[in-house]
Amino acid sequence: MAYNDKADVVDPSSFYPSPHTEGPRLSFDGSQISSLAPDEMPAAFDGELDATGPSTATNESEGDPIFIGSIGTEENEDVELTDEEEEIPPHVALPLPLEHIYVKDPRQPLLLSDFHVIKTLGTGTFGRVLLVCLHADSPHHRPDTVQHFAMKILRKTEVVKLKQVKHVNAERNILARIQHPFIVDLYATFQDHLNVYMLLSYVPGGELFSHLRRAGRFTPDVTRFYLGGIVLALRYLHSYNIIYRDLKPENLLLDHRGYLRITDFGFAKVVDDRTWTLCGTPEYLAPEIIEQKGHSKAVDWWACGILTYEMLVGYPPFFDENPFGIYQKIVKGKVYWPQELDIASKEFIQAFLNPDRSKRLGNLARGADDVLRHTWFEGVDWVALENGKIPAPLIPQVTSGSDTRNFTSLPFPNPADLPGLFPSASLPPELQTDPDGWQFLDF
Ligand SMILES: Nc1ncnc2c1ncn2[C@@H]1O[C@H](COP(=O)(O)OP(=O)(O)O)[C@@H](O)[C@H]1O
Ligand SMILES: [Mg+2]
């Protein structure tokens, strides 16, 4: 079996942390993979390699393949990896109608200019997220309600260049139609001639990523609390055939109670059967994504195994200085199991990290319910957890709606880049061209 301890498995902590993993890890999309020369591709990319078999890929120490970076180049025009992506198919029933989010009322529309920017909360591969506040003189300002929000902003030209138009529209349309206590809320969307904007609930406790790196690792009980919330959120998403595809501590935020909220639906997709786009974050990719066999909900359960390992051990099980090496290790399937990891947790992780999807925990006959009933979760009161009745292991320090102490300090955005939020800094309307606006009509 591929997951037994093997003498040649190296403890990833021997070269971890490294500059590659000290900061948040970036997500990527399949169009970026084409920057590899053919002989740099792991054999898995040709579909020749069985997930449990030996890797015949090139020696990772040879050459220096770059997976992320050379995107939007000519060669990428031929890549059809994203072409199968569709927005929500019309027959799909999601919990809420689109009108659930802010309805544009022509008599008193909510405008970008109703908000002012307080600071930058985060940046990812595609987006920049700002803390914003409703102006005191906005007609929508009410003293008794929440005034601070997170505004996710994506530059239209970048989205088009990186071939993310369908993903961004799906992010908006899926988030608009779901509601769950462990998933960030979307309230409204906007666009100006440069950007699209998503108004989200501000989740003030910071990324699980920073809390985990600070703690080093979590105990099984702490891990159980966080993973339990994720499993409930995945059960909800999967019940509507939504796969999430970017589970990792960088996309998990702590709310004021200390409960997790999943953010970043940039790769979420409604999938009736299978999908082929190679996207996600290298350390968290399931082997079937790398091998491009077609993937589905099972990839989120694989990622649960990676997340559980990373929380308990402090670093992910498949790690290398460059993504190429990570893919090789995932496909090879050998995991280093530290001595201190208890046997029950190891078996639980192994149940997720099964390269055979038909045997992977979460993807069996009873789906997510098998995960809830697993012995590792024995004694968890799922109803109490979903209702927020279980005390969280870490209550983040937050004293006001504008408290950003749990986020790293990032530069304030350039007002000229955000014309809707800074109308006075923007070009006169006749000079504001918007050639890509037609691709974002839902915003
Ligand atoms: N609702 C939110 N509240 C607070 N911070 C957020 C929120 N949404 C995102 N962030 C921060 O911004 C970062 C980038 O946002 P994300 O949606 O993950 O963008 P990307 O798709 O570029 O990765 C997150 O990792 C997180 O630190
Ligand atoms: Mg992200």
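Residues numbered from 1 in each chain as written. Chains lettered and ligands numbered in written order. Predicted model: local features only at pLDDT ≥ 70, side-chain atom pairs only at ≥ 80, totals over all residues.

Some points on the overall build of the protein chain
Counted only if it meets this: Only DSSP runs of H or I covering at least 4 residues are called helices, and only runs of E covering at least 2 are called strands; the numbering of each starts at the N terminus. We call a residue exposed when 12 or fewer other C-beta atoms sit within 10 Å of its C-beta, buried when the count reaches 20 or more, and partly exposed for counts in between; the C-beta positions come from the backbone. By definition, residue pairs are in contact when their C-beta atoms, positioned from the backbone, come within 7 Å.
Counting its regular elements, the protein chain contains 11 helices and 9 strands. With 443 residues in all, the protein chain has 44% of them scored as buried. For the protein chain, contacts bridging at least 24 residues in sequence account for 75% of all contacts bridging at least 6.

Remarks on the site of ligand 1
What counts is decided by this rule: By convention here, the C-beta atom is placed from the backbone, and a residue is near a molecule or strand when that atom is within 6 Å of it. Domain limits in this description derive from either an automatic procedure or a database domain assignment.
Neighbouring ligand 1 are 22 residues; G122, G124, V129, A150 and D264 lie closest to it. Two domains share the shell around ligand 1, each providing at least three of its residues, namely domain 1 (12-85 + 206-386) and domain 2 (98-204 + 400-440).

What to know about the environment of D434
Tracing the backbone through its elements, the reader meets D434 in the segment after helix 11 (382-386). Residue D434 is classed as exposed on the basis of its C-beta count, with 12 C-beta atoms lying within 10 Å.

Things to note about the UniProt feature "binding site: ATP" (unreviewed entry) in the protein chain
Worth spelling out the cut-off: UniProt positions are given in the numbering used here, feature names are shortened, and annotations may be inferred rather than shown by experiment.
With numbering aligned to this structure, UniProt lists the feature "binding site: ATP" (unreviewed entry) at K152. Looking at the element boundaries, K152 is found in strand 3 (residues 148-155). By C-beta crowding, K152 is classed as buried, having 30 other C-beta atoms within 10 Å. With residues up to four places along the chain from it excluded, the contact list for K152 reads G127, V129, M198 and L200.

Points about the nonpolar core
Stated precisely, the cut-off is as follows: Joining buried Ala, Val, Leu, Ile, Met, Phe, Trp, Tyr and Cys residues through C-beta atoms within 7 Å gives a set, and that set is a nonpolar core.
Counting residues in hydrophobic clusters, the biggest one holds 103 residues, and the most contacted among them are M151, L260, W302 and C304. Considering every element that reaches this core, the biggest residue donor is helix 7 (residues 298-313), with 12 residues. For this core, the two domains that each supply at least three residues are domain 1 (12-85 + 206-386) and domain 2 (98-204 + 400-440). In contact with M151, not counting residues within four places along its chain, are F115, V129, L130, V132, Y197 and L199.

Section: the pairing of strand 1 (residues 115-123)
Rules: In this scheme, strands are said to pair when DSSP sees at least two bridges between them.
Sheet topology places strand 1 next to strand 2 (residues 128-134); 7 bridges connect them, and they run antiparallel. Residue pairing in the sheet places T123 in a bridge with R128 of strand 2. Here strand 1 hands over to strand 2 after 4 residues, the two strands then running antiparallel side by side.

Regarding helix 3 (residues 165-175)
Among the 11 residues that make up helix 3, 9 are buried, leaving the element largely enclosed by the rest of the structure. Residues of helix 3 that are buried: H167, V168, N169, A170, E171, R172, N173, I174 and L175. Of the surrounding secondary structure, the elements contacted by the buried residues of helix 3 are strand 3, helix 2 (156-161), strand 4 (186-191), strand 5 (195-201), strand 6 (242-243) and strand 9 (269-270).

What about the confidence of the model for the protein chain?
Worth spelling out the cut-off: Residue-level confidence of the predictor is summarised by pLDDT, bounded by 0 at the bottom and 100 at the top.
Within the protein chain, residue pLDDT values average 83, and 78% of them lie at 70 or more. In the model, residues 1-8 has pLDDT below 50 throughout and makes 10 contacts with residues more than four positions away in sequence or in other chains. Here residues 31-83 scores under 50 on pLDDT; set against residues more than four positions off or in separate chains, the count is 89 contacts.

Describing the packing of helix 5 (residues 220-239) against helix 7
Note the cut-off: Lines fitted to C-alpha atoms define the axes here, with helix axes fitted over just the stretch in contact, and angles between the N-to-C directions of these axes take values from 0 to 180 degrees. Roughly parallel here means an angle under 35 degrees, roughly antiparallel means over 145, roughly perpendicular means 65 to 115, and every remaining angle is called oblique. When the near helix sits turned anticlockwise from the far one by under a right angle, the crossing is termed left-handed; a clockwise turn instead gives a right-handed crossing. In this classification, the charged set is Asp, Glu, Lys and Arg, the nonpolar set is Ala, Val, Leu, Ile, Met, Phe, Trp, Tyr, Cys and Pro, and all remaining amino acids, among them Gly, are polar.
At a closest axis distance of 10 Å, the pairing of helix 5 and helix 7 adopts a crossing angle of 160°. It follows that helix 5 is roughly antiparallel to helix 7 by the angle criterion. Once helix 5 is placed against helix 7, the crossing between them reads as right-handed. Contact residues: P220, T223, Y226, L227, I230, V231 and L234 in helix 5; D300, C304, L307, T308, M311 and L312 in helix 7. Of the residues that constitute the contact of helix 5 with helix 7, the class distribution is 10 nonpolar, 2 polar and 1 charged.

Looking at the sheet that holds strand 1
If you trace the 5 strands from one edge of the open sheet to the other, you get 1-2-3-5-4, paired in antiparallel fashion. Since the sheet does not close on itself, it has two edges, and those belong to strand 1 and strand 4, each with one partner. Between one strand axis and the next, the sheet turns by 25° as a mean value, whatever way the strands run. As defined by bridge partners, strand 4 adjoins strand 5 across 5 bridges and the pair is classed as antiparallel. Counterpart to F190 in the pairing with strand 5 is Y197.

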